[in-house]
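Residue-level structural notes
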Amino acid sequence: MGKSPRCLYNDKLEIFLNKDKDAIFGILCDSYHGDALTSTREAWVGEIEILQEALTPWKDSDGEIIFEYDIPRLGKRIDVVLLLYGVVFCLEFKVGESDILEKDVDQVLDYALDLKNFHRFSQDRLIVPILIATKYSSSSSVIQSSVYDDRVVNPLVTGANGISKIISEVLNAFPEEPPINKDWIISPYSPTPTIIEAARTLYESHSVEDITRHEADKVTTDATISYILDVIHKSKNNGEKSICFVTGVPGAGKTLVGLDVAVKQTYQGFDKPVNDEGAVYLSGNGPLVAVLNEALAKDNYEKCKGRGEAKKLTDSRREVGKFIQIIHRYRDNMLAKIKNPVENGILEIDPEKAVKMQESGYGEVEHVAIFDEAQRSWTHKRLAEYLKRGGTYGNKLKVPNFPMSEAAFLIWSLDQREDWATIICLVGGGQEINTGEAGITEWIKALNEKFPYWKVYISPRLTEPEYAEGKVDELLMDNKNVTYSDKLHLGVSLRSYRAEKLSAFVHALLALDENAASIYAEIKDNYPIVLTRDMEKARRWLHNQVRGTERTGVLITKESARYKPLGVHVLQSGDENAVHWFLEDKADTRSSNYLEDAATEIQVQGLELDYTCLLWDADMRYENGKWHYYKFIRQTKWGEQIANTESKQEQMKYMLNAYRVLLTRARAGMVICVPKGNNHKTNSGFWEDSTRLPEYYDGTYNYLKSLGLEEL
C-alpha cells in the first residue's frame, strides 16, 4: 500500500512489521507537503521503531496501520491509527516526554470524537484513544467505555514499554468486534466545523472542500458555492453587475460559504491571489470578525513560526485583515470619496478626493463583496442619523442629508466599478436583533428603484414570511432581471450535526406552533435539550457533557436584567472580550468554559459553541398563551412593551429574534434555565425581591416543559 491521499503512510500490519524502517521513514518524508521539521522527522523515527516492536504480537493479524491520518475538521493529523480486530485505535505520541499533560489527553480524545462524529465508517465502531508519552513509566489500569454510551473508550495513557500490554487488554475487554469496513481509510466524511476551525483551515490551505459536509446526504454547500462562482464568472465575461441572495437555516454554513467563495475567487487554485480578481468578506458583526481574525492570525503565525519563517503576529493579523473586514470600514472608505455635503439627494464621486483607477474606476479594488448577515444592514433613517452626527467608526466623517440606506449605498459602492461586480448577500431569516436593522427589504427596494440593470439571483426561500415579512414576490414583481434558484438555499444545519430539525423546532417554539412538541420528539434522542430552574444544576450538566476541548458557555439576551443573583455576569462589550470568551482555553478564566460571563445575542450571532446554557430571564414571558415582552426600567421594575406603535412592534420583533439566535448557538445540545424567582417575603409582608417574582418565570417554564423537554 504505502500511501493514501488521506495520510502519509498506510500498510497492512504484517507488511509494516517486516518493512525496513528507513523505507517507511522515506515514504513519510516523500509524502509530506513541504519540508518536515527536524523534530517531526525525529518523532517519526521514534514512532516507527517503537511500534515495530510493540505490535509484533499481531504480526499474523489482518490489521492495518496508518501514519498521519488527516482530520480536516481540525486541520491536523492523528499520529497513528491502528485498525485491529474491529477496533479503531487512535495513537498520539509525545516522543521523549515523561509527563502526562491534560492538554495532550484532550488532544487524543478530540481525535477520537472527531472520528465518531464525522467519519461515516467509524460511527458504530469501538474507538480507543491512547496517549503515548514514550518515557512515561506507568500505564492506565482501567479500560472503560465513556458514560456517553457512544463506544468511545475513556482516554488511556502509557509509555513506550506499555503499548503491547494496553492493546492486549483492550482487545480482551472487547472481543469479537465486527470487521472494519475495508474502505475505512477513504470513508466519506460529514464534518461540521465550528466556523472558527473552518476559517483556520480555510486560510491555511485556501480551501474548505474537506471540511464542509459535501459528502453527506442532502448537503448543498458545494452546489451553492459552485452556483455563486458561476454567477461571478458570467458577470465577468458579460461585463455585468450581479447580486446573489443566499438563505439558510441557522448553522447551515452561510458564513462558511461566504469565506469559501472569497478564498476560491481570490486564489482560483493558485498559491497567490490572482491580480484584479479579488473578493472581500464583510460583516457588520464586530465580535464575529474579531474572533475570526484573531483565530486565523494566531493560527497562521504559529504555523509560520513552526516552519521557521520570521514573522510577527502583527504581520499575520494584517494579512487576515485584507480578507475579512468590518463592513463599516469598507463603507467609510467609500464615503470618503463622495461630494460632501450631498446635493439634491444624489451621491457623486468627488474627483479631488479619489483617484480613478484603470481597473476599478472609483470603486474599491475587489470585484466581489460578500456581505454576511445582510439582513442586519441599516435602514436609511439609522444611517442618515449616524452620519449626520459623525458616527463612531473610523474617521468620524460627517455627511448631512445622506440619501440612502446602507444596502443601497453598498450596491452603489460596487456599482462604481466600470467593468463588472458581484455582491453576495448571506441572509439569516428572522435574525434582525438591533433597532435600525433593515432586514432584506431595503436591498430589494434599492435594486428596484436605483439599480434596475443589476442581475438578481435569489433563493426561492426569500419569499417566506421570515424574510422581508413575506413581501419579496410583491417587491420583485416588476423586476425583469430576477432568476430564482434552489441552489441559493442551505437547508441542512451544519452546526447542529445531531439535529438537522433544530431550526424547525426553535421556529415552532417561538411561533407557539402546536407542532413544536412533535418536532422536538424527533430530535431529542440525538440532540438533548434539558430544562432546569437551578443555575448550579445547569452548570453541572454542561461540565458533564463536554469532553476534550469542546466549548460551553452561558447565553442571555441583552434585555436580561436579573442574572446577578444566579452568579452570572454579562460579558462586557468590546470585541477583545468576545475574542477571549471564544478562543481562550480552560486555563484562562476569561474563557466561556468558566460559565461566569454570559454572552448576549449581539456577541454570539454567527458563532457557536458545542453546548450552551440559555438563561431565560423575565424579559420575554409566556403568559395566557402568548409571548409578552418586558424591559427593565430605571433598575427598579419590569415594564411591559405594548405594540401600539411601529417602533414598539419592531422592538418586540427584535426581542423574539434574540431568543431565536440564542436557541440556535449550540452544536450538540443545550440546557435552558428558567429561574424560580424569589418567593420570599420580609417580616413586614413585602416581597423580598419584587423584580424576580415567581410568576414572571412560571409560565415560560411550564410552556417549555409542555413541549417535552426533560427536567434536570
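For the structure given in this document, a descriptive report is provided here. The structure presented is a predicted model; accordingly, all values stated were derived computationally and were not measured.

The rules behind these values
Residues numbered from 1 in each chain as written. Predicted model: local features only at pLDDT ≥ 70, side-chain atom pairs only at ≥ 80, totals over all residues. Heavy atoms only, no water. Pairing = 2+ DSSP bridges. Helix = DSSP H or I, 4+ residues; strand = E, 2+ residues; numbered from the N terminus. Axes fitted to C-alpha atoms, helices over the stretch in contact; angles between N-to-C directions. Contact = heavy atoms within 4.5 Å. Buried < 20%, exposed > 50% of the residue type's maximum accessible area, 1.4 Å probe, protein only. Phe/Tyr/Trp six-rings, centres within 6.5 Å; stacked < 30°, edge-to-face > 60°. Arc of directions from axis to C-beta. Polar contact = N/O pair within 3.5 Å; in protein donor to acceptor, adjacent residues only side chain to side chain. Parallel < 35°, antiparallel > 145°, perpendicular 65-115°, else oblique. Left-handed = near helix turned anticlockwise from the far one by under 90°. Nonpolar A, V, L, I, M, F, W, Y, C, P; charged D, E, K, R; others polar. Core = buried A, V, L, I, M, F, W, Y, C linked by side-chain atoms within 4.5 Å. Salt bridge = Lys/Arg side-chain N within 4 Å of Asp/Glu carboxyl O. Disulfide = S-S within 2.5 Å.

Now for the sheet that holds strand β22 (residues 637-640). In space, the 3 strands of this open sheet follow the order β20-β21-β22, with antiparallel pairing throughout. In this open sheet, the two edge strands, each paired with only one partner strand, are β20 (620-623) and β22. If you compare each strand with its neighbour and ignore which way they point, the axes differ by 45 degrees on average. Bridge count between strand β21 (residues 626-633) and β22: 4 bridges; the pairing is antiparallel. In the strand pairing of β22, Phe-632 is matched with Trp-638. Contacts from helix α21 (residues 646-662) reach β20 and β21, with the element oriented near 100 degrees to β21. Relative to the sheet, helix α22 (residues 695-706) contacts β20, β21 and β22, its axis offset from that of β20 by approximately 70 degrees.

Moving on: helix α13 (residues 406-415). Burial within α13 is extensive, with 10 of its 10 residues counted as buried. Buried residues of α13: Glu-406, Ala-407, Ala-408, Phe-409, Leu-410, Ile-411, Trp-412, Ser-413, Leu-414 and Asp-415, and no others. Residues of α13 that are buried make contact with β7 (241-248), α11 (327-335), β10 (368-372), α12 (380-389), β11 (421-428) and α14 (441-449).

An order of β16-β19-β23-β15-β24 is seen for the 5 strands of this open sheet, with the pairing classed as parallel. The sheet is open, and its two borders are formed by β16 (552-555) and β24 (710-711), each paired with just one other strand.

We now examine the packing of aromatic side chains. Within the structure shown, the criterion is met by 21 aromatic pairs. Consider the rings of Phe-16 and Phe-67, whose centres lie 5.7 Å apart with planes at 45 degrees: the pair is tilted. Here Phe-67 lies in strand β2 (residues 64-71) and Phe-16 lies in helix α1 (residues 13-18), a separation of 51 residues in the sequence. Each of the two residues, Phe-16 as well as Phe-67, counts as buried. Look at Tyr-622 and Trp-627: their rings are 5.8 Å apart centre to centre, the planes differ by 80 degrees, and that puts the pair in the edge-to-face class. You can call Tyr-622 partly exposed: its relative accessible area is 22%. By relative accessible area, which is 10% here, Trp-627 ends up buried. In this structure an aromatic cluster arises from ring pairing among Trp-616, Tyr-622, Trp-627, Tyr-659 and Tyr-703.

Each full turn of the α-helix corresponds to 3.6 residues, which orients residues three or four apart in the same direction. Turning to helix α18 (residues 535-545), its buried residues are Met-535, Ala-538, Arg-539, Trp-541, Leu-542 and Gln-545. For α18, the buried positions fall inside an angular range of 160 degrees around the axis, keeping them on one side. Along its buried surface, α18 packs onto β15 (529-532), β16, β19 (609-615) and β23 (666-673). Of the residues that open α18, the one with a side-chain oxygen 2.8 Å from the backbone nitrogen of Glu-536 is Asp-534.

Take the packing of helix α16 (residues 502-511) against α21 next. Between two packed helices, both the angle of their axes relative to each other and the distance between the axes serve to describe the pair. Remark: α16 packs on α21, axes separated minimally by 10 Å, with the N-to-C direction vectors making an angle of 150 degrees. Comparing the axis directions of α16 and α21 gives the class roughly antiparallel. For the pair α16 and α21, the sense of crossing is right-handed. Touching Val-506, His-507 and Leu-510 of α16 are Leu-656, Tyr-659 and Arg-660, all from α21. Residues that form the contact of α16 with α21 fall into these classes: 4 nonpolar, 1 polar and 1 charged.

Grouped together as the largest cluster of nonpolar side chains are 87 residues, with contacts concentrated most on Ile-424, Phe-505, Leu-509, Trp-616, Ile-672 and Leu-704. If one sorts the elements of this core by residue count, helix α9 (residues 286-306) sits on top with 7 residues. Discounting residues that sit within four places of it in the chain, Trp-616 has contacts with Leu-509, Trp-627, Tyr-659, Leu-663, Ile-672, Cys-673, Val-674, Pro-675, Tyr-697, Thr-700 and Leu-704. Ile-349, Ala-408, Ile-411 and Ala-446 belong to the second-largest nonpolar core, a separate cluster that totals 47 residues.

This model, assessed by the stated rule, comprises 34 salt bridges. Among the ionic pairs, Glu-102 bridges to Lys-586, the shortest N-O distance being 3.7 Å. Of this pair, Glu-102 sits in helix α4 (residues 102-118) while Lys-586 sits in the loop between α19 (575-583) and β18 (597-598), placing them 484 residues apart in sequence. The partner of Glu-294 in a salt bridge is Lys-298, and the shortest N-O contact between them spans 3.9 Å. You can see Glu-294 and its partner Lys-298 sitting in helix α9, 4 residues apart, about one turn around the helix. Under the relative-accessibility criterion, Glu-294 is labelled buried at 12%. Among the charged side chains, a network of salt bridges with common partners joins Glu-92, Lys-94, Lys-103 and Asp-104.

All right, on to the state of the cysteines then. For the structure shown, the criterion picks out 0 disulfides. Cysteine Cys-244 remains unbridged, with the sulfur of Cys-425 as its closest cysteine sulfur at 8.8 Å. Cys-244 sits in the buried class, given a relative accessible area of 0%.

Pro-341 follows Asn-340 through a cis peptide bond whose omega is 10 degrees. One can find Pro-341 in the loop between α11 and β10. Non-glycine residue Asn-344 carries a positive phi angle of around 60 degrees. In this structure, Asn-401 takes a positive phi of about 60 degrees despite not being glycine. Inspection of the secondary structure assignment puts Asn-401 in the loop between α12 and α13.

Direction vectors running N to C along α13 and α14 enclose 50 degrees, while the axes themselves pass 8 Å from each other. The angle between the axes of α13 and α14 places the two elements in the oblique class. Crossing of α13 against α14: the hand is right-handed. Contacts between α13 and α14 involve Ala-407, Ala-408, Leu-410 and Ile-411 on the former and, on the latter, Glu-442, Trp-443, Ala-446 and Leu-447. In terms of residue class, the contact of α13 with α14 is built from 7 nonpolar, no polar and 1 charged.

By the bridge criterion, 4 bridges tie β20 to β21 in an arrangement that is antiparallel. Its bridge partner being in β21, Glu-623 is matched across the sheet by Lys-626. Connecting β20 to the next strand, β21, in antiparallel fashion are 2 residues, including Asn-624 with a positive phi near 50 degrees. Where β21 folds back on β22, the antiparallel hairpin that results is connected by 3 residues, among which Arg-634 adopts a positive phi of roughly 50 degrees.

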